[in-house]
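The residues making up each chain are set out below.
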Amino acid sequence: MSEFETPADLRYTAEHEWVERTGATTARIGITDYAQSQLGDVVFVQLPDAGSALTAGDSFGEVESTKSVSDVYVPFTATVAAVNGDLEANPELVNSAPYGKGWLIDVEAGSEAELDAALEPTLDAAGYRAITEG
């Protein structure tokens, strides 16, 4: 059994991002509980501006901790609909609530079919736990 929280209703990437579908063409992205635990205390989060176009696999920001700086990747092509402005003053939310108040960006895919296709190769909770438990 994993010691890290891995909600069953989310999708995951091998790069330790989670994706929550929030609508037909929209999704919310953050980093996983496992990722934040590996980073240590998060002290700064750099995110793109709303309206930014992102291409699948691109880094869309950085999460800086007392240990290191890590890029965060978008798993599919989308446009940034919103960024979590609370992280500017409270980057530690990434540690304390990675699936809640510590979310990073909301994105919009071009169509429902594009988002369906983009989420297909992502991992379910069991698949993600398998890669984090080695």
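Residues numbered from 1 in each chain as written. Predicted model: local features only at pLDDT ≥ 70, side-chain atom pairs only at ≥ 80, totals over all residues. Heavy atoms only, no water.

## Brief notes about the sheet that holds strand β6 (residues 59-65)
Piece 1. The strand order across the open sheet built from three strands is β4-β6-β7, with neighbouring strands paired in antiparallel fashion. The open sheet has two free edges, formed respectively by β4 (42-46) and β7 (69-73), since each of these has just one partner strand. This sheet shows a mean twist of 25 degrees between the axes of neighbouring strands, independent of strand direction.
Piece 2. Strand direction decides the pairing type here: β4 and β6, joined by four bridges, are antiparallel. Across the sheet, the residue bridging to V42 is S65, located in β6. (Pairing = 2+ DSSP bridges. Helix = DSSP H or I, 4+ residues; strand = E, 2+ residues; numbered from the N terminus. Axes fitted to C-alpha atoms, helices over the stretch in contact; angles between N-to-C directions.)

## Digging into the sheet that holds strand β5 (residues 53-54)
Piece 1. Pairing is antiparallel across the open sheet formed by six strands, whose spatial order is β1-β2-β3-β9-β8-β5. Two strands lie at the open edges of the sheet, namely β1 (11-12) and β5, each paired on one side alone.
Piece 2. Relative to the sheet, helix α4 (residues 112-119) contacts β1, β2 (17-21) and β3 (26-31), its axis offset from that of β2 by approximately 145 degrees. (Contact = heavy atoms within 4.5 Å.)

## A short note on the environment of T13
Piece 1. With respect to the helices, strands and loops of the structure, T13 is situated in the loop between β1 and β2.
Piece 2. Here the alpha-carbon distance between T13 and I31, two residues 18 residues apart in the chain, equals 9.5 Å.
Piece 3. When neighbours within four sequence positions are excluded, T13 is seen to be in contact with P75, L123, Y128 and I131.
Piece 4. A polar atom in the side chain of T13 sits 2.6 Å from the side chain of E17. (Polar contact = N/O pair within 3.5 Å; in protein donor to acceptor, adjacent residues only side chain to side chain.)

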